[in-house]
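# A structural walkthrough
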Amino acid sequence: MPQMGVSVAEGTVVEWRKQPGDWVQADETICEISTDKIDTEVPAPASGRLVEVLVTVGTTVDVGVTLARIATDARPGEPHSSESNGPPEPPAAAPPAPSELEAPVAPPTHAPDRPRGVPGGAAARRYSPVVQRIADEHGVDLDEVQGTGRDGRVQKKDVMAVVAARAGTAGPSAPPAPADGAAAEPMLHIESPYRPGAGASTEGPYTPPEGRPLSRMRQAIGVHMKQSQMTAATCTTWIEVDVSRIEIARKKLAITALPLIARCTIGALVEFPLLNAWLENDVHTVHEQVNLGIAVALGEDGLIVPVVRGAQDLSPEGLSRRIRDLARRARSRQLSPDDVHGATFTITNPGQFGSMMATPVIAQPQVAILDVEAIVKRPVVVTDQFGDDAIAIRPMVILGLSWDHRALDGALAARFLASVKKRVESYEL
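In this text, all values refer to a predicted model and were calculated from it rather than measured experimentally. (Residues numbered from 1 in each chain as written. Predicted model: local features only at pLDDT ≥ 70, side-chain atom pairs only at ≥ 80, totals over all residues. Heavy atoms only, no water.)

This brings us to the packing of helix α4 (residues 244-253) against helix α5 (residues 257-271). The N-to-C vectors of α4 and α5 enclose an angle of 120 degrees; their axes lie 9 Å apart at closest approach. Comparing the axis directions of α4 and α5 gives the class oblique. In terms of crossing hand, the pair formed by α4 and α5 is right-handed. For the pair α4 and α5, contact is made by I246, E247, A249, R250 and L253 and by A257, L260 and C264, respectively. Taken together, the residues of the contact of α4 with α5 sort by class into six nonpolar, no polar and two charged. (Axes fitted to C-alpha atoms, helices over the stretch in contact; angles between N-to-C directions. Helix = DSSP H or I, 4+ residues; strand = E, 2+ residues; numbered from the N terminus. Parallel < 35°, antiparallel > 145°, perpendicular 65-115°, else oblique. Left-handed = near helix turned anticlockwise from the far one by under 90°. Contact = heavy atoms within 4.5 Å. Nonpolar A, V, L, I, M, F, W, Y, C, P; charged D, E, K, R; others polar.)

A few words on the pattern of salt bridges. Summed over the entire model, instances satisfying the criterion amount to 14 salt bridges. The shortest N-O distance in the salt bridge between R378 and E240 comes to 2.4 Å. Taken together, the residues span a long stretch of sequence, with R378 in strand β17 (residues 376-383) and E240 in strand β8 (residues 234-242) at a distance of 138 residues. You can call R378 buried: its relative accessible area is 18%. Given a relative accessible area of 37%, E240 falls into the partly exposed group. Salt bridges here are not isolated pairs; linked through shared partners, they connect E15, R17, E32 and E41. (Salt bridge = Lys/Arg side-chain N within 4 Å of Asp/Glu carboxyl O. Buried < 20%, exposed > 50% of the residue type's maximum accessible area, 1.4 Å probe, protein only.)

This part is about the sheet that holds strand β2 (residues 23-24). Read from one edge to the other, the open sheet built from three strands follows the order β2-β5-β7, with strand pairing classed as antiparallel. Lying at the two open borders of the sheet, with one neighbouring strand each, are β2 and β7 (68-71). Pairing of strand β5 (residues 48-53) with β7 involves four bridges; the strand directions are antiparallel. Bridge pairing in β7 links R49 to A71. (Pairing = 2+ DSSP bridges.)

This paragraph deals with the sheet that holds strand β1 (residues 10-16). If you trace the four strands from one edge of the open sheet to the other, you get β4-β3-β1-β6, paired in antiparallel fashion. Both edges of this open sheet fall to β4 (39-43) and β6 (60-62), since each of them pairs with a single strand only. Strand-to-strand, the axes of this sheet are offset by a mean angle of 40 degrees, without reference to chain direction. When strand β3 (residues 29-34) meets β4, the two strands line up antiparallel, connected through five bridges. Of the residues in β4, the one forming a bridge with C31 is V42.

Put into structure tokens, the structure is as follows:
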């Protein structure tokens, strides 16, 4: 099971394009998998004959688990054993003719015990682990949910819409309306441990709600972030930047501020290439090409960091298009494994939600990550061409750089941020 991003811990096989006995070419699609974040086709790592399928359709396994085995010493068209350890299937029809071995074979639709989340036709309806979990928690029959995802797939928002619709209808669980003249009881947060009339209640002492384990995704995020903190000697440096010119430019180009700030950051990385690097054990690898990771929030599902490859060759408009495309595909679970690997430097943009300052965790094995906070108009002291100071209202942003002290020093980090600041404050179209 391939790795699909730092916070993806498991995946579900939803279709086998090849069956035991079939010949496969290197990079040819062999199966399709689904995770909480990505639906993707898995290419064969080498040419050969598929001799064994180890994970059946509908089965969810951890990242790193072997899905199938390919005999790389086989040759196309040569006889092969009909015995295999593939998934249980009904009695097979006559084997395909040799000319048909290269054609994709439809996945079996029979399984002795139908996998959870694969009702009836596995290729027609399949559900991610997070959709299954929400449906189980709220008693939703996924067979009755109309999916809005690709190929009619049921997504988290579809299940939540059903849950919200249920909550909006009057039923046994709805609170009774107050009698005429009676004061309504105060509304409390659903998770509040306090209840009206507590202390005078005859229902006994308050019983705290049962906790539940973190989801596998949150566990994976925790493992990777903690590992980074234990590996890197992390420091964070901040700088305040006037983005007046960026605001003018983004309005002219009809784009957001992020690709413009990213363009300035890329220029600083070219000037200070030691930050466009990986540190693995004691090996510091400096990259000429800037593969820029852009953190994309997926709401309660966590986050993922798709990569803009060769970002140094893109204009602000090109960066904007690439970032929008990656974010769209990330939120619709359409990223491929290649989309989330190989970043040499990362930008995270929590400022879009209004935050002012943060200390982002470095994505290993990178040596730095830039945090872009909210752009806020504030009174600042400005100096005119004659050296006179005045107070003016300017759109300001705080940029934070978390960096690995094993690879860098504070002076270099500060010079890098100063370069970003200079490029932003002097930006011209």
